[in-house]
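Coordinates in review
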Protein chains: 2
Amino acid sequence: MKARIFVTLKNGVLDPQGKAIHHALEGLGFGGVNDVRQGKLIELDLADGTSDADIEAMCTKLLANTVIENFRIERA
Amino acid sequence: MKARIFVTLKNGVLDPQGKAIHHALEGLGFGGVNDVRQGKLIELDLADGTSDADIEAMCTKLLANTVIENFRIERA
């Protein structure tokens, strides 16, 4: 079973990596970019029967820093 | 207009970051994890009317290293 975890910075948290990407896109001549935020995508290959609660525990205990990050779980 | 870019390592490319997460999950007692791959999620806030071709050009020129990475574009 596959699960994908999307980890994104909460609104209001500074994102220097996103800012750098934004700046680089402008330098390459791409106009019309208002904002860039960078997050993480973690793909887990799990044993069948892994519960949603387990996946959520992985996120809160390790994968995301819930003080500054949100996470979203997508089972595939 | 928002677009999300998912950048993932191609199959066969070593992913030490994913291996580290895998190891850490096992250390925390989470069994049943077969594999972990880490990728990037880039959220773009674009001017309305930005074409798909522009977004794809951003990916190939800057956001993804197409030698070792795949990317997927999702418009929202």
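Residues numbered from 1 in each chain as written. Chains lettered and ligands numbered in written order. Predicted model: local features only at pLDDT ≥ 70, side-chain atom pairs only at ≥ 80, totals over all residues. Heavy atoms only, no water.

**A word on the side chain of A:Thr8**
The topology assignment puts A:Thr8 in strand 1 (residues 2-9). If we skip the residues at most four places from it in the chain, A:Thr8 touches A:Ile68, A:Glu69, A:Asn70, B:Leu41 and B:Glu43. (Helix = DSSP H or I, 4+ residues; strand = E, 2+ residues; numbered from the N terminus. Contact = heavy atoms within 4.5 Å.)

**Some remarks on the packing of helix 1 (residues 16-27) of chain A against helix 2 (residues 52-63) of chain B**
As a packed pair, helix 1 of chain A and helix 2 of chain B sit with axes 11 Å apart at the nearest point and diverge in direction by 110°. Put simply, helix 1 of chain A runs roughly perpendicular to helix 2 of chain B. Seen from helix 1 of chain A, the contacting residues are A:Ile21, A:Ala24 and A:Leu25; seen from helix 2 of chain B, they are B:Met58, B:Leu62 and B:Leu63. Of the residues in the contact of helix 1 of chain A with helix 2 of chain B, the class split is six nonpolar, no polar and no charged. (Axes fitted to C-alpha atoms, helices over the stretch in contact; angles between N-to-C directions. Parallel < 35°, antiparallel > 145°, perpendicular 65-115°, else oblique. Nonpolar A, V, L, I, M, F, W, Y, C, P; charged D, E, K, R; others polar.)

**Things to note about the interface of chain B and chain A**
Taken together, the contact between chain B and chain A spans 32 residues of the former and 32 residues of the latter. For the pair chain B and chain A, the summed buried area comes to about 2,700 Å², and 66% of that belongs to carbon and sulfur atoms. Where chain B meets chain A, there are zero salt bridges. Counting the contacts that link chain B with chain A gives ten residue pairs in polar contact (both at pLDDT 80 or more). Within the residue set of the side of chain B that touches chain A, elements represented by two or more residues are strand 1 (2-9), helix 1 (16-27), strand 2 (33-46) and helix 2 of chain B. In terms of residue count, strand 2 of chain B provides more of the side of chain B that touches chain A than any other element does, 14 residues in total. Taken together, the residues that form the side of chain B that touches chain A break down as 17 nonpolar, six polar and nine charged. Here strand 2 (residues 33-46) of chain A runs beside strand 2 of chain B; their pairing, made up of 13 bridges, is antiparallel. Of the residues in strand 2 of chain B, the one forming a bridge with A:Leu46 is B:Val33. (Buried area = accessible area lost by both parts, 1.4 Å probe. Salt bridge = Lys/Arg side-chain N within 4 Å of Asp/Glu carboxyl O. Polar contact = N/O pair within 3.5 Å; in protein donor to acceptor, adjacent residues only side chain to side chain. Pairing = 2+ DSSP bridges.)

**Quick notes on helix 1 of chain A**
Residue and element names in this part refer to chain A. Along its twelve residues, helix 1 runs 16 Å from first to last C-alpha, staying within 8% of the 16 Å computed at 1.5 Å per residue. Those residues of helix 1 that sit buried are Gly18, Ile21, His22 and Leu25. For helix 1, the angular spread of buried residues about the axis comes to 100°, placing them on one side. Those residues of helix 1 that are exposed and angled more than 90 degrees off the buried face are Pro16, Lys19, His23 and Gly27. Downstream of helix 1 by a residue or two, glycine 29 has a phi angle that is positive, lying close to 95°. (Expected span 1.5 Å × (residues − 1). Buried < 20%, exposed > 50% of the residue type's maximum accessible area, 1.4 Å probe, protein only. Arc of directions from axis to C-beta.)

**Examining the nonpolar core**
Judged by nonpolar contacts, the single largest core of 17 residues is most densely connected at A:Ile5, A:Ile42, A:Leu44, A:Met58, A:Leu63 and B:Leu25. With near-sequence residues (within four places) excluded, A:Leu63 lies in contact with A:Ile5, A:Val7, A:Lys40, A:Ile42, A:Leu44, A:Met58, A:Glu69 and B:Ile21. A:Leu25, B:Leu46, B:Ile55 and B:Leu63 belong to the second-largest nonpolar core, a separate cluster that totals 16 residues. (Core = buried A, V, L, I, M, F, W, Y, C linked by side-chain atoms within 4.5 Å.)

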